[in-house]
Amino acid sequence: MTTVLEVKDLKAYYGQTQALHGVSFELLEGGITTLLGANGAGKTTTLRAICNMVRTEGDVVFQGRSIRGQATESIVRLGFAHVPEGRGTFTTLTVDENLRIAAYTRSDKAAVKRDLDMVFEYFPRLRERIQQQAGTLSGGEQQMLAISRALMLGPRVMLLDEPSFGLAPLIVQEIFRIMRRINTEAKCSMLLVEQNAALALDLADHAYVLETGRVVMSGPSDVVKNDENIRKSYLGY
Amino acid sequence: MATTETAAAADAVARQAATAEPPARAAAVKPWVWAVVAVAFVLPLLKFVIPGVISDYRLFVISTMMIAAIAVLGLNLLTGFNGQISLGHGAFYAVGAYTAAVMLDKISWMPDYYFLTIPAAAVMCFVVGYLFGLPALRLEGHYLALATFALALAVPQLLKYKWLEGLTGGVQGVVLLKPSPPFGLPLSEDQWLYYYILVIMVALYFIAFNILRGRNGRAMMAIRDHQMAADTMGIDTAQYKTVTFGISAAYTGIAGALSASAIAYVAPDSFGFFLSISLLIGLVVGGVASLAGSIIGGVFTVLVQNSAQALSKFVKNDLGLPFDLSAYAVYGILLLILMYVMPLGIAGGIVMAWRRLRG
Ligand SMILES: Nc1ncnc2c1ncn2[C@@H]1O[C@H](COP(=O)(O)OP(=O)(O)O)[C@@H](O)[C@H]1O
Ligand SMILES: [Mg+2]
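These figures come from a predicted structure and were not determined experimentally. (Residues numbered from 1 in each chain as written. Chains lettered and ligands numbered in written order. Predicted model: local features only at pLDDT ≥ 70, side-chain atom pairs only at ≥ 80, totals over all residues. Heavy atoms only, no water.)

Asker: I would appreciate a short explanation of a nonpolar patch on the surface in the present structure.
Answerer: A surface patch of nonpolar side chains, amounting to about 650 Å² of accessible area, comprises Val42(B), Leu45(B), Leu46(B), Phe48(B), Val49(B), Ile50(B) and Val53(B). Given a relative accessible area of 42%, Val42(B) falls into the partly exposed group. (Patch = residues over 30% accessible without salt bridge, like charges linked within 9 Å, V, L, I, M, F, W, Y side chains within 5 Å. Areas by Shrake-Rupley, 256 points an atom, 1.4 Å probe, with all protein chains shown as cover. Salt bridge = Lys/Arg side-chain N within 4 Å of Asp/Glu carboxyl O. Buried < 20%, exposed > 50% of the residue type's maximum accessible area, 1.4 Å probe, protein only.)

Asker: Looking at this model, I keep getting lost on the sheet that holds strand E1 (residues 3–14) of chain A. Mind explaining?
Answerer: The pairing of strands in a sheet comes from backbone hydrogen bonds and takes either a parallel or an antiparallel form. Residue and element names in this part refer to chain A. Sheet architecture is open: four strands sit in the order E2-E1-E4-E5, paired in antiparallel fashion. Since the sheet does not close on itself, it has two edges, and those belong to strand E2 (17–28) and strand E5 (65–66), each with one partner. Pairing geometry for E1 and E2, over nine bridges, is antiparallel. Its bridge partner lying in E2, Tyr13 is registered against Gln18. This element, helix H1 (residues 43–50), spans E1, E2 and strand E4 (55–62) of the sheet and lies at about 110° to E1. (Pairing = 2+ DSSP bridges. Helix = DSSP H or I, 4+ residues; strand = E, 2+ residues; numbered from the N terminus. Contact = heavy atoms within 4.5 Å. Axes fitted to C-alpha atoms, helices over the stretch in contact; angles between N-to-C directions.)

Asker: Before we go on, may I ask you to explain the coordination of the magnesium ion (ligand 2) in this structure?
Answerer: Put simply, a metal with four donors set out as a tetrahedron has ideal angles of 109.5 degrees, and one with six donors set out as an octahedron has ideal angles of 90 or 180 degrees. Residues and elements named next belong to chain A. All of the protein donors around the magnesium ion (ligand 2) are Thr44 (OG1) and Glu85 (OE); their distances to the metal are 2.0 to 2.2 Å. Highlighted residues: Thr44 in helix H1 and Glu85 in the loop between strand E6 (80–83) and helix H3 (95–102), separated in sequence by 41 residues. Of the residues examined, Glu85 reaches a relative accessible area of 40% and is grouped as partly exposed. (Donors = N, O, S within 2.8 Å, 3.2 Å for Na, K, Ca; no water.)

Asker: How do you make sense of the site of ligand 1 when you look at a structure like this?
Answerer: All names here are of chain A. If you check the shell around ligand 1, you find Tyr14, Ala19, Ala38, Asn39, Gly40, Ala41, Gly42, Lys43, Thr44 and Thr45 and nothing else. Gly42 is positioned such that a nitrogen or oxygen atom in its backbone is 3.0 Å from an oxygen atom of ligand 1. At 2.4 Å from an oxygen atom of ligand 1 is found a side-chain nitrogen or oxygen belonging to Thr45. Relative to its unbound accessible area of 550 Å², ligand 1 is 60% covered by the protein chains. (Near = heavy atom within 4 Å. Polar contact = N/O pair within 3.5 Å; in protein donor to acceptor, adjacent residues only side chain to side chain.)

Asker: What exactly am I supposed to notice about helix H15 (residues 345–357) of chain B here?
Answerer: Residues spaced three or four apart along an α-helix point in a common direction, a consequence of the helix completing one turn every 3.6 residues. Residue and element names in this part refer to chain B. Over its 13 residues, H15 extends 18 Å from the first C-alpha to the last, a length consistent with the 18 Å expected when each residue adds 1.5 Å. Residues of H15 that are buried in the fold lie against helix H12 (273–286), helix H13 (291–317) and helix H14 (327–341). Looking one or two places after H15, you find Gly359, whose phi comes out positive at around 90°. (Expected span 1.5 Å × (residues − 1).)

Asker: Looking at this structure, I do not really get the packing of aromatic side chains. What am I missing?
Answerer: Two descriptors summarise a pair of aromatic rings, namely the distance from one centre to the other and the angle between the planes of the rings. Following the criterion strictly, the structure yields 19 aromatic pairs over all chains and no others. For the pair Trp34(B) and Phe206(B), a centre-to-centre distance of 5.0 Å together with 20° between the ring planes defines the contact as stacked. One end of the pair, Trp34(B), is in helix H2 (residues 31–42); the other, Phe206(B), is in helix H8 (residues 189–213), with 172 residues separating them in the sequence. By relative accessible area, Phe206(B) is classed as buried at 16%. On the basis of an interplanar angle of 70° and a centroid distance of 6.2 Å, the ring pair of Phe92(B) and Phe245(B) is categorised as edge-to-face. One end of the pair, Phe92(B), is in helix H4 (residues 89–106); the other, Phe245(B), is in helix H11 (residues 237–263), with 153 residues separating them in the sequence. With relative accessibility at 1%, the residue Phe92(B) sits in the buried group. Above the face of the Phe90(A) ring, Arg149(A) is positioned so that its terminal group lies 4.4 Å from the ring centre. Here Arg215(B) stacks its cationic end above the ring of Tyr104(A), 4.3 Å away from the centre of that ring. (Phe/Tyr/Trp six-rings, centres within 6.5 Å; stacked < 30°, edge-to-face > 60°. Lys NZ or Arg CZ within 6 Å of the ring centre and 35° of its normal.)

Shown next as structure tokens:
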């Protein structure tokens, strides 16, 4: 398997404070890599750094080419879809408008139509609520919308920031099931940030654990999942 | 389980908050808008039917309301639809007014072609607004409010600046001529002014409507709702924000240019901080992120300023209260009552009342 995304010695800063101290990891083509870690470990910052939304050093290599320093909107056009922390719903726009915003960068109308059908097949509830104001959706529906919106960009890589956050377990299961389908059917590699390690390890093939802006442990998900020492010392369960 | 419950509760609150927002935008102009436009166009003709009611003076007051409406419309594009606050739109109004005034004053043939001051003021204010929007990109919320506040304070001072006196007339300002009706139309100056301003307002309204309903409008509103998410959608948010600043300033500048022609006079002190604040009040009272609300807001600012004065006189002379209420105090009280009764602005209040009526 080839590597689709390689992050090398990534550092990130908020003003004077350094939030990442040289993070490196890989994402395989068609794979799912998860970044685990406690609150404040730097998971969100890593995703933002990849999209050049914070000041960074180090390198981000996508399909063999460095993308560091490119503007966020060009990185999006290259094939990155970021599902931001807290879902980032455009609350006063309708569900339909939220989805259409995502197709903004694309000129192939037929493909957009196909992707819209695909999204509604994954999340039929969104079709039922198509003219509803997005801010009036439930938390789970808003997360579905956030993922759908990302899909409408026609991405190669999806960056997901805690999609399970604040949702009831049943909804989380449903969403993670769909994420698995998106990964295989839409051939979309995923970088999944989670605090819920058990959940993420079931979905991902590789895992990296962050602590205060550094990778402290990594390995194939099965290994991490089944190693009681790792679980106890890094993941706390 | 507890976290799930809190999440559910937070969800419910979020949902309620979102329902209180104005409804999503319509795809086509509502019939009642056309009706209002039609009424506005025949209004001056009613003087043949009810001459006592439709006087030149009343038409002039409506003209000033429409000018205020255009200015509020501009502010609404920026603040209501794009989420950038401005406490300083009076500055763009002033730049527009002075652009028109200087042209009319210094170029001998300009008074015959006074309509050229409109595109000139628009371009001028677009450029100034765009340039101001660039550093404003780095400012959020309170800081942007402060920066625009500073702009509102600075511009009247700049206009008094002695090196500019040759152009601006310094503290004295510039006295102009009212535009006269073209083609020998049998209209009075005030009637002509009314139509002149009405046509421009209607045009600007529909331009705004068209911008907002297309994908550019969606991008503007997406940035307002969640800028970071808009970034992740591949929207060039910096570009949108600065261009919106420019367009907004152009609208308000056109209002300023029209006011120069209507009042036939400009002076720095007419463009003080109070002007910026009353535009903001017009925006909030009329309805944030509502085009129709902008028009209502414009009407309101003029109406309430006039009636606050009248009311304050009334309180003093006719009610014989033992204390004095200044016009500003009455203005403030009117505002408080209005915000209490209609927290979503007049446009939002009307929509809610209408929905309740229909069940
Ligand atoms: N906007 C910000 N400004 C300053 N510091 C920030 C900002 N966002 C995050 N941080 C800091 O960066 C570190 C990593 O945060 P974050 O990436 O959000 O962690 P995680 O997503 O793993 O919870 C934390 O110490 C946090 O306080
Ligand atoms: Mg986070």
